[in-house]
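Structural overview
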Amino acid sequence: MTAPTRIRYATLLLTVSAAASSALSGGVAAQSSQSSGELPAVVVEGAQPKKKVKKKAAPVESPAVVPAPEPTPTAKLPAESGGPNESSPGLNLSDKASSGSRLGLTPLETPASVDVISGETARERGQHSIVDAVTQNAPGFSSATIPVLGSAFSARGFVGNNSISRLYDGTRLYPGTGGTTSFPSNTWAVERIEVLHGPASVLYGDGAIGGIINVIPKKPITEGMFNEAQIFFDSNMTRRASLDSGGALSKDVSYRFNIGADASDGWVDDGDSKNLGVSGALRWQASPDLVFSLSHDYSNQEPIKYFGVPFRDGVFDKRTKENNYNVGNAFNEFQDSWTQFKTEWRASDALSFRSVTYYLDSRREFLNSEDYYWITGVNPEVVNRFGLHILQDQDQIGNRTDMTLKTRFGSVGNETVIGFDINRANYARSASGYFAAPSVDPINPVPGVLSAPLIPRHQSELDQRSLFVEDRLVLNEYLSLVGGVRWDTSNVKKTDLQSAAGSFEDEFNSFNWRVGAVVTPVRGLAFFGQYAVATDPLDRPLLDYLKTTADFDLTRGRQIEIGVKQTLWNGAFEWSLSGYDIVKKDLTVLTPFFETVQIGQQSSRGLEAAIGMELGGGWRVDANGAILKAEYDEFSYVDFSTFSIVDYAGKTPYLVPEKLANVWLTWAFAPRWQASAGAQYVGSAFENFANTVERPAYTIANVGLQWKPTDSATLDFRVKNVFDRTYAAYYRADPLSADDSVIQGWIAPPRTFEAALSVKF
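Residues numbered from 1 in each chain as written. Predicted model: local features only at pLDDT ≥ 70, side-chain atom pairs only at ≥ 80, totals over all residues. Heavy atoms only, no water.

Brief notes about the overall build of the protein
Counting its regular elements, the protein contains four helices and 38 strands. Expressed as a percentage of its 761 residues, the buried residues of the protein come to 55%. Taking as baseline every contact in the protein between residues at least 6 positions apart, the subset at least 24 positions apart corresponds to 68%. (Helix = DSSP H or I, 4+ residues; strand = E, 2+ residues; numbered from the N terminus. Buried < 20%, exposed > 50% of the residue type's maximum accessible area, 1.4 Å probe, protein only. Contact = heavy atoms within 4.5 Å.)

If you want it as structure tokens, here you go:
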């Protein structure tokens with residue numbers, strides 16, 4: 001899309017927004033009798049409860065208007081469900097989080113770093129994707145792959161869904177080839193996102209040395225009725241319509257339903273995309289102590305077919321900024337569905353049970369020209385293109401059941417969770433060979449066509465069984481101890497459909513544990529420390545293991561972490577600081593001769609900090625940052641062509657930025673009005689083992705303006721990348737090559753204007 005075209009779209013956007021504002025202004029006039037800064041409570045038939053909002057003290061009274069009350073997503077169950085809490089901006093240290101512990105502890109009570117990101121806060125900040133919500137609100141997390149391939153993250157020096165596990169409502173999907181995950185993708189149906197930093201294998205099994213990201217969807221509303229609709233438009237011709245509905249169908253049955261659809265023309269040539277997401281949940285309170293819940297989520301994504309632009313001799317040519325070098329018949333489609341049935345039963349005040357049975361299905365298909373090489377030694381210069389066709393089919397069925405027992409010995413309180421997790425995942429992969437697409441002019445590429453017929457490659461089956469125990473011992477009001485253990489057994493059976501010699505069956509066992517302590521000298525202040533042991537699969541997911549790697553050990557890691565957290569003045573001021581040291585052993589790498597070897601050891605150490613504070617006068621600031629030092633301690637392999645040892649010890653792992661920071665400032669400067677501004681800094685990262693290709697650091701600024709013309713309507717105006725920075729958010733380079741002239745950059749969106757209208761009814 002050209003700059004003049006974007007300007008015309010921006011003008012149209014502002015005109016439409018002005019018309020919408022004018023149409024809604026009548027609602028403001030009707031409220032002139034109200035006192036400044038106060039709104040009447042919205043009365044909804046059915047005795048709708050008010051939204052739980054933290055009471056926050058501030059030095060100066062804020063002119064901000066209290067938003068129209070919303071119903072509580074879930075009433076507090078007689079049988080404690082670990083259901084979602086209403087979260088506000090900030091660290092939410094006093095809200096219960098299910099991801100840092102199965103005991104339903106708050107981040108303040110957990111001996112680990114846990115972030116609770118409110119879905120409402122993410123949406124208000126214009127963070128439409130899970131990737132944006134996590135990387136802009138959780139300290140130390142960055143995105144590690146381009147959107148067309150799904151999503152993957154880097155954290156604490158480790159990269160990918162092999163080391164940062166992805167969960168949806170507490171259930172984990174095991175990734176297949178490539179290790180990326182395509183669901184969930186947007187934040188419309190999200191209640192909150194919980195992020196646990198550092199090893200989490202004791203809770204979720206193998207593949208969580210760097211941490212976990214758990215997306216919690218919106219839950220059924222147990223009293224009254226609530227509906228919200230939103231329309232959205234931006235200067236890249238993105239159009240989105242969304243609906244959220246929930247309420248009580250009877251005294252004991254409630255529901256939640258969400259649907260969202262969008263389409264976009266994108267910011268580059270042939271940059272179109274479209275997505276559809278539908279989710280629904282039913283909750284039945286069968287008795288005061290027994291609850292059944294059934295939910296189903298469906299997503300169909302066709303992301304932008306864009307893999308970036310080739311650099312000319314390693315240097316970005318601005319003339320290619322809006323070019324798309326993919327072929328004309330390219331397509332990408334992700335279809336995901338998740339079905340879960342939950343039972344929660346409180347047998348007594350001391351004993352409760354939870355059980356989740358789930359079925360997950362995912363289908364991903366790609367046909368793209370992905371790799372581009374700018375050839376300068378010919379006249380005229382050309383871009384050579386190569387690509388492939390991939391089809392992945394995956395399903396997973398399983399059950400997770402646990403029991404919680406609360407006991408007391410005099411003044412000492414104890415809580416124990418004992419449970420098991422069993423599941424089976426099936427994965428089938430078809431792929432073409434690596435084919436050349438027609439070469440194109442570097443400045444005026446013609447799409448052309450890629451012919452890449454699919455060939456069935458392999459089928460894999462993963463049977464996983466685990467037993468876990470977690471315990472919290474409250475010695476007194478100042479000291480508590482938290483520990484846990486988990487045994488995992490994974491049986492992998494792979495059938496190579498091209499060569500029987502590549503088929504195998506093997507079993508992998510692991511034992512993971514952690515122990516930690518929380519010291520609370522005064523209310524709201526907690527010092528913590530923990531030691532955790534975890535395991536990861538090798539450099540690829542278990543479902544994609546090769547026979548040549550099946551005999552290797554799982555990689556093992558350990559973490560030492562200490563930190564402090566504090567919440568003051570009813571949550572008006574919260575902060576946290578933590579330091580960690582992680583060592584991961586028995587890592588593997590693919591040599592230039594396509595041989596996998598276990599290379600030794602990688603380590604990382606760093607600091608993470610976050611703060612959220614009400615400043616008074618309607619001002620609020622939220623900020624976080626991380627610095628780390630990650631390196632290969634023992635990284636060498638034999639180059640059999642020269643019989644020499646290549647040593648990368650001391651090098652920084654690729655795709656790991658060592659400095660990250662975010663800040664967000666809001667100002668409720670008048671009743672019904674709020675202005676906001678945010679900045680994200682992503683430090684530089686190396687793209688190969690030799691550290692000769694480095695993606696530069698970048699800083700992006702966003703601003704927003706929100707107006708509530710009526711109790712039930714909200715208008716949001718935003719400008720993303722307000723200074724119109726041109727930068728590559730991702731590089732694509734061969735990690736095994738030291739050649740710094742062969743680079744491909746994924747150019748991020750330019751300045752983008754957004755407007756959204758939300759109506760609650």
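After that view, the rundown keeps rolling.
Considerations on the pairing of strand β38 (residues 752–760)
Taken across its nine residues, β38 has seven buried, putting it largely inside the fold. Bridge count for strand β9 (residues 225–234) against β38 is seven bridges, and the pairing is antiparallel. Paired with E228 across the strands is K760, a residue of β38. Note that strand β35 (residues 713–720) and β38 share eight bridges and pair antiparallel. (Pairing = 2+ DSSP bridges.)

A word on empty space enclosed by the protein
Counted under the stated rule, the structure contains nine cavities of 30 Å³ or more. Considering only enclosed or pocket space, the largest cavity measures out at about 290 Å³ in volume. Forming the boundary of the largest cavity are 26 residues, of which R125, Q136, N137, D622 and N624 lie nearest the centre. When contributions to the lining of the largest cavity are tallied by element, the ones reaching two or more residues are β1 (114–118), α3 (130–137), β26 (596–616), β27 (619–634), β30 (659–670) and β31 (673–682). In terms of residue count, β1 provides more of the lining of the largest cavity than any other element does, four residues in total. Taken together, the residues of the lining of the largest cavity sort by class into eleven nonpolar, twelve polar and three charged. (1 Å grid on protein atoms, 1.4 Å probe; cavity = no way out; pocket = protein on both sides within 12 Å on 5 of 7 lines; lining within 4 Å. Points joined across faces, edges and corners; volume = space filled by probe spheres on them. Nonpolar A, V, L, I, M, F, W, Y, C, P; charged D, E, K, R; others polar.)

Observations concerning a nonpolar patch on the surface
A surface patch of nonpolar side chains, about 520 Å² in accessible area, is lined by I418, F420, I422, L467, W487 and F511. No other element matches the three residues that strand β18 (residues 412–431) contributes to the nonpolar patch. Take F420: it is sitting in strand β18. For F420, a relative accessible area of 35% translates into the label partly exposed. (Patch = residues over 30% accessible without salt bridge, like charges linked within 9 Å, V, L, I, M, F, W, Y side chains within 5 Å. Areas by Shrake-Rupley, 256 points an atom, 1.4 Å probe, with all protein chains shown as cover. Salt bridge = Lys/Arg side-chain N within 4 Å of Asp/Glu carboxyl O.)

Points about the sheet that holds strand β36 (residues 728–732)
Sheet strands associate in pairs through backbone hydrogen bonding, adopting either a parallel or an antiparallel arrangement. Ordered by their spatial adjacency, three strands build an open sheet running β14-β37-β36, and the pairing between neighbours is antiparallel. In this open sheet, the two strands that pair with only one neighbour each are β14 (309–310) and β36. In this sheet, strand β37 (residues 744–747) lies alongside β36 in antiparallel orientation, the contact comprising four bridges. Paired with Y730 across the strands is W746, a residue of β37.

Structural notes on the packing of aromatic side chains
Summed over all chains, the structure comprises 31 aromatic pairs. Ring plane angle 65 degrees and centroid distance 5.0 Å describe the contact between Y168 and F183, whose orientation is recorded as edge-to-face. In this pair, Y168 sits in strand β5 (residues 164–168) while F183 sits in the loop between β6 (171–172) and β7 (190–197), placing the two residues 15 residues apart along the sequence. For the pair shown, Y168 and F183 are each scored as buried. Each member of the aromatic cluster is reached from another via a ring pair, and the members are W619, W667, F669, W673 and W707. Taking NZ or CZ as reference, K565 lies 4.7 Å from the ring centre of F528, over its face. (Phe/Tyr/Trp six-rings, centres within 6.5 Å; stacked < 30°, edge-to-face > 60°. Lys NZ or Arg CZ within 6 Å of the ring centre and 35° of its normal.)

Brief notes about the pattern of salt bridges
In this structure the tally under the stated criterion is 34 salt bridges. Overlapping salt bridges, with partners in common, bring together R125, E614, R620 and D622 in one network.

Re the nonpolar core
Within the largest apolar cluster, 28 residues are counted, with the highest numbers of intra-cluster contacts made by Y306, A729 and W746. Breaking this core down by element, the ones donating at least two residues are β16 (351–375), β34 (698–707), β36 and β37. Among the elements that make up this core, the one with the highest residue count is β36 (four residues). (Core = buried A, V, L, I, M, F, W, Y, C linked by side-chain atoms within 4.5 Å.)

Quick look at the sheet that holds strand β3 (residues 153–155)
One open sheet holds the three strands; their spatial order is β2-β3-β4, and the pairing between them is antiparallel. Strand pairing shows two members of the sheet lacking a second neighbour, β2 (141–143) and β4 (158–159), which therefore form its edges. Where β2 meets β3, three bridges bridge the pair, whose relative direction is antiparallel. Following the sheet pairing, F141 is matched in β3 by A155.

A few points about the confidence of the model for the protein
In this model, the protein carries an average pLDDT of 87, and 85% of its residues clear a pLDDT of 70 or more. Contacts from residues 3–76, a stretch scored under 50 in pLDDT, to residues over four places away or in other chains number 140 contacts. Here residues 78–85 scores under 50 on pLDDT; set against residues more than four positions off or in separate chains, the count is 26 contacts. (pLDDT = per-residue confidence, 0-100.)

Some points on unusual backbone geometry
Looking along the chain, the bond that leaves N379 and enters P380 is cis, with omega of 0 degrees. The residue P380 is located in the loop between β16 and β17 (382–409) in this model. Backbone geometry places N570, a non-glycine residue, at a positive phi of 55 degrees. Tracing the chain through its elements places N570 in the loop between β24 (555–568) and β25 (573–590). Unlike most non-glycine residues, L655 shows phi in positive territory, near 70 degrees. Locating L655 in the fold gives a position in the loop between β29 (644–647) and β30.

Focus: the environment of P184
Position of P184 among the secondary structure elements: in the loop between β6 and β7. The buried category is assigned to P184, whose relative accessible area is 10%. On a C-alpha basis, the gap between P184 and S337 in space is 9.8 Å, while along the polypeptide they are 153 residues apart. Excluding anything up to four places from it in sequence, P184 contacts I130, R166, Y168 and V215.

Some points on the environment of Y727
By secondary structure assignment, the location of Y727 is in the loop between β35 and β36. Exposure remark for Y727: the relative accessible area of 14% places this residue in the buried category. Sequence separation between Y727 and T699 is 28 residues; the distance between their C-alpha atoms is 9.4 Å. Not counting residues up to four positions away in its chain, the partners in contact with Y727 are Y698, I700, N721, W746, I747 and A748.

A few points about the side chain of N624
Mapped onto the secondary structure, N624 falls in strand β27. Here N137 takes part through its backbone oxygen, which lies 3.4 Å from a polar atom of the side chain of N624. Leaving out residues up to four positions away in the same chain, N624 has contacts with Q136, N137, A138, P139, A609, A610, L660, A661 and N662. (Polar contact = N/O pair within 3.5 Å; in protein donor to acceptor, adjacent residues only side chain to side chain.)

Structural notes on the pairing of strand β15 (residues 331–346)
Two strands pair when backbone bridges link them, and strand β13 (residues 290–302) and β15 are joined in this way by twelve bridges, in the antiparallel orientation. Within the sheet, the bridge partner assigned to S293 lies in β15 and is K342. Two strands pair when backbone bridges link them, and β15 and β16 are joined in this way by 16 bridges, in the antiparallel orientation. Bridging across to β16, S337 finds its partner in D361. In this antiparallel pair of consecutive strands, β15 and β16, the connection spans four residues.

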